[in-house]
Amino acid sequence: MSSQQMTVGWIGLGNMGAPLAARLVKVGYDVQVWNRTAAKAQPLVDEGASVGETVRDLAHREVVFSMVSASKDLEQVMLDPEVGLLTGESVPKIVVDCSTVSVETSKKIREAAAERGTRFFAAPVSGNGKVVAAGKLSVVCSGDEETFQLVQPMIESLGRSVTYVGDGEAARLVKIYHNLLLGIYTQALSEILVLGEKAGVKREAVMDFINNSVMGCIFSQYKTPAMVNLDFHPTFTPILLRKDFDLGLAEARKHEVPMPITNMTRDIVESSIGHGHEQDDFATLLLIAAANAGVELHSENADVTDGLEPQ
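These figures come from a predicted structure and were not determined experimentally.

Colleague: Looking at this structure, I do not really get the sheet that holds strand β4 (residues 63-66). What am I missing?
Modeller: In any sheet, the strands associate via hydrogen bonds between backbone groups, in a parallel or an antiparallel arrangement. In space, the 6 strands of this open sheet follow the order β3-β2-β1-β4-β5-β6, with parallel pairing throughout. Strands at the two margins of the open sheet, each flanked by one partner only, are β3 (50-51) and β6 (119-122). Contacts between helix α1 (residues 17-26) and the sheet are confined to β1 (8-11), β2 (31-34) and β4, with β1 contributing the most and set at about 170° to the helix.

Colleague: Help me out: how do you make sense of a nonpolar patch on the surface in this one?
Modeller: A cluster of nonpolar residues, Val165, Val174 and Tyr177, forms a patch on the protein surface that exposes about 230 Å² of accessible area. Judged by relative accessible area, which is 33%, Val174 ranks as partly exposed.

Colleague: Where do I start with the nonpolar core in this structure?
Modeller: Among soluble globular proteins, nonpolar side chains are generally buried collectively. The biggest cluster of nonpolar side chains holds 47 residues, and the ones touching the most others in it are Trp10, Leu20, Leu24, Phe65, Val96, Leu137 and Ile155. By residue number, the principal contributor to this core is α1, which donates 5 residues. With sequence-adjacent residues up to four places away left out, Trp10 is seen in contact with Gly17, Leu20, Ala21, Leu24, Val31, Gln32, Val33, Trp34, Leu58, Phe65, Met67 and Cys98. Counting residues in hydrophobic clusters, the runner-up holds 19 residues, among them Val68, Val101, Ala112 and Phe120.

Colleague: Teacher, can you tell me more about the sheet that holds strand β9 (residues 161-164) here?
Modeller: What the 3 strands build is an open sheet, ordered β7-β8-β9; its pairing is mixed. The open sheet has two free edges, formed respectively by β7 (125-126) and β9, since each of these has just one partner strand. Across 4 bridges, strand β8 (residues 138-141) lies against β9 in parallel orientation. In the strand pairing of β9, Ser138 is matched with Ser161. Against the sheet, helix α7 (residues 170-199) makes contact with β7 and β8, and its axis sits at roughly 140° relative to β8, the strand it touches most.

What counts and how
Residues numbered from 1 in each chain as written. Predicted model: local features only at pLDDT ≥ 70, side-chain atom pairs only at ≥ 80, totals over all residues. Heavy atoms only, no water. Pairing = 2+ DSSP bridges. Helix = DSSP H or I, 4+ residues; strand = E, 2+ residues; numbered from the N terminus. Contact = heavy atoms within 4.5 Å. Axes fitted to C-alpha atoms, helices over the stretch in contact; angles between N-to-C directions. Patch = residues over 30% accessible without salt bridge, like charges linked within 9 Å, V, L, I, M, F, W, Y side chains within 5 Å. Areas by Shrake-Rupley, 256 points an atom, 1.4 Å probe, with all protein chains shown as cover. Salt bridge = Lys/Arg side-chain N within 4 Å of Asp/Glu carboxyl O. Buried < 20%, exposed > 50% of the residue type's maximum accessible area, 1.4 Å probe, protein only. Core = buried A, V, L, I, M, F, W, Y, C linked by side-chain atoms within 4.5 Å.

Structural data, given as structure tokens:
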């Protein structure tokens, strides 16, 4: 059986889960979805997906993807003795989890899946809803290579880049490392923009130069509206970033690796939450940097783009 003929389930239709599931529907997969808030499934139903009333309704699917916010959420949808996907009478052949969770949680679920004869594959993603729509999502994967070959076409349909990093929980570690860098980069960018503000240089000018230099990247481009026009509509909140910093720093302690810059950045993320930005985008680190320098920022109302035109 080809990958395209395999039936698919999708658990979790939040800011990332919904557009990812939609990509599988649009390329022709038979997809059934489940979400705690059932109304969020309607746009996917309009595209051709079906809806399960419970998580276990997806158990007859050959491959089930999951995309949830935290380790405890993944444990609940997979291992809850009353409603979990892996604790019912039947189970799917393969589970592919795209969440950012701890190594310990991932290993626990992998072992539970193996006991039921289900292959568990880790495939955490980098991006947000707009990145998904633009076809620029990146995925890092780990698990046994035979499973990777089976699900690779599905995962490749989610974005532009798929990196297989080996067996076990390696992908969990790589994704956590990635998010540490995400926070550190944003903090460094915030500091130099505030320095420029005090020196009389517009943030738009600084970002334009960075985006067109070797220091520019997809991330700096799509954070430009936030940094220049103070558009902090949430794509990834400080709450979620703090969770990932805590996961990364726990790994650092385990392996006795000093990470002073990471520790300091984690405290600044905490400060952003303390200042009431828990529901804003984590680019509000810019506002914390400005407050520390005694600067009040205003939108420059500039005509800037995030570079994420849909594909």
